[in-house]
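# Structural characterization, general
Here is how the chains run, residue by residue.
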Amino acid sequence: QKEVEQNSGPLSVPEGAIASLNCTYSDRGSQSFFWYRQYSGKSPELIMFIYSNGDKEDGRFTAQLNKASQYVSLLIRDSQPSDSATYLCAVRRGSTLGRLYFGRGTQLTVWP
Amino acid sequence: EPEVTQTPSHQVTQMGQEVILRCVPISNHLYFYWYRQILGQKVEFLVSFYNNEISEKSEIFDDQFSVERPDGSNFTLKIRSTKLEDSAMYFCASSTSQSYNEQFFGPGTRLTVL
């Protein structure tokens, strides 16, 4: 079973729409969850992190965590063409120190 | 804004050669990491480092790999005898703690093994 799973996409949304990105994880003891954005050929850039069940909002981004369902999501409101990138979900398991487990990423395209 | 830096940006080497990838973590960070990403694949953890010793390593991080903090600012990854399958982007990251704090990634070094 894969540690972290994401739909690979591509996910395509029009400018101004809401983009919804999903991630599931296998280790029920996982404690912290991160969303990174990666432009082609570039390094992962941290967007948001979430530790507690519920929603966390930061500007146009909202992370949602449901530990019972082992599910974390990222909503991007008012999507812009500059949001077009691959979005990586990363999880820190409770049994590890700092190691992050990454999903394969979801490719998002926002068309004008 | 402080950032993680890495050198070189691109390294080409022959199979069997040794390479050293260099990183300068963010100055007040205490925990350092190496990850790699083979083209088209997911980001994979290699090793974490704290207080001048390895705190965790993955199954990828075998005897061919080593890490070092030779001075107060640099953090290096050495691959002793490179293989074709070591070709990847290598990312250095740093954080203020291992528990809940976020890891910030450097721009990466693209390693090409011929």
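Residues numbered from 1 in each chain as written. Chains lettered and ligands numbered in written order. Predicted model: local features only at pLDDT ≥ 70, side-chain atom pairs only at ≥ 80, totals over all residues. Heavy atoms only, no water.

### What to know about the environment of Thr 112 of chain B
Residues and elements named next belong to chain B. Mapped onto the fold, Thr 112 is located in strand 11 (residues 109–113). Residue Thr 112 is classed as partly exposed on the basis of its relative accessible area, which comes to 24%. Through-space distance from the C-alpha of Thr 112 to that of Ser 73 is 26 Å; in sequence the pair is 39 residues apart. If we ignore the near neighbours within four places in the chain, the residues touching Thr 112 are His 10, Gln 11, Val 12, Thr 13 and Ser 87. Polar contacts involving the side chain of Thr 112 include one to the side chain of His 10, which spans 3.1 Å. (Helix = DSSP H or I, 4+ residues; strand = E, 2+ residues; numbered from the N terminus. Buried < 20%, exposed > 50% of the residue type's maximum accessible area, 1.4 Å probe, protein only. Contact = heavy atoms within 4.5 Å. Polar contact = N/O pair within 3.5 Å; in protein donor to acceptor, adjacent residues only side chain to side chain.)

### A look at the side chain of Thr 76 of chain B
Residues and elements named next belong to chain B. Along the chain, Thr 76 falls in strand 8 (residues 75–79). Residue classification places Thr 76 among the buried positions, given a relative accessible area of 9%. Discounting chain neighbours no more than four positions away, the residues touching Thr 76 are Ile 20, Leu 21, Arg 22, Trp 34, Ser 66, Val 67, Glu 68 and Pro 70.

### As for the confidence of the model for chain B
Taken over all residues, the pLDDT of chain B has a mean of 93, while the share at 70 or more is 97%. Here strand 6 (residues 53–57) of chain B stands out as the least confident element of chain B, with mean pLDDT 93; strand 11 of chain B is the most confident, with 98. (pLDDT = per-residue confidence, 0-100.)

### Some words on the state of the cysteines
As enumerated under the stated definition, the model contains two disulfides over all chains in all. Two residues share a disulfide in this structure: Cys 23 of chain A and Cys 89 of chain A, whose sulfurs sit 2.1 Å from each other. In this structure the cystine formed by Cys 23 of chain A and Cys 89 of chain A twists about its S-S bond by roughly -70 degrees; its chirality is therefore left-handed. One end of the pair, Cys 23 of chain A, is in strand 3 (residues 19–25); the other, Cys 89 of chain A, is in strand 9 (residues 85–92), with 66 residues separating them in the sequence. Grouping residues by exposure puts Cys 23 of chain A and Cys 89 of chain A together as buried. Here Cys 23 of chain B is linked by a disulfide to Cys 92 of chain B, with a sulfur-sulfur distance of 1.9 Å. Taking the sign of the S-S torsion, -60 degrees for the link of Cys 23 of chain B and Cys 92 of chain B, the bridge is left-handed. Of this pair, Cys 23 of chain B sits in strand 3 (residues 19–24) while Cys 92 of chain B sits in strand 9 (residues 88–95), and the two are 69 residues apart along the sequence. What makes Cys 23 of chain B buried here is its relative accessible area of 1%. (Disulfide = S-S within 2.5 Å.)

### Quick notes on the interface of chain B and chain A
Counting residues at the interface gives 24 residues for chain B, matched by 22 residues for chain A. Scanning the region where chain B abuts chain A turns up one salt bridge. The residue Arg 99 of chain A makes a salt bridge to Glu 59 of chain B at a minimum N-O spacing of 3.4 Å. Linking chain B with chain A are nine residue pairs in polar contact (both at pLDDT 80 or more), by the criterion used here. Elements represented by at least two residues in the side of chain B that touches chain A include exactly strand 4 (31–37), strand 5 (43–50), strand 6, strand 9 and strand 10 (104–105) of chain B. Take the side of chain B that touches chain A: its biggest share by element is three residues, from strand 4 of chain B. Considering only residue class, the side of chain B that touches chain A consists of ten nonpolar, ten polar and four charged. (Salt bridge = Lys/Arg side-chain N within 4 Å of Asp/Glu carboxyl O. Nonpolar A, V, L, I, M, F, W, Y, C, P; charged D, E, K, R; others polar.)

### Re the pairing of strand 3 of chain B
Each regular strand shows side chains that alternate between the opposite faces of the sheet. All names here are of chain B. Side chains of strand 3 alternate between two faces, with Val 19, Leu 21 and Cys 23 buried and Ile 20, Arg 22 and Val 24 left unburied. Here strand 1 (residues 5–7) pairs with strand 3 via three bridges, running antiparallel. Within strand 3, the position partnered with Thr 7 by the bridge is Arg 22. In this sheet, strand 8 lies alongside strand 3 in antiparallel orientation, the contact comprising five bridges. Residue pairing across strands places Ile 20 opposite Lys 78, the latter belonging to strand 8. (Pairing = 2+ DSSP bridges.)

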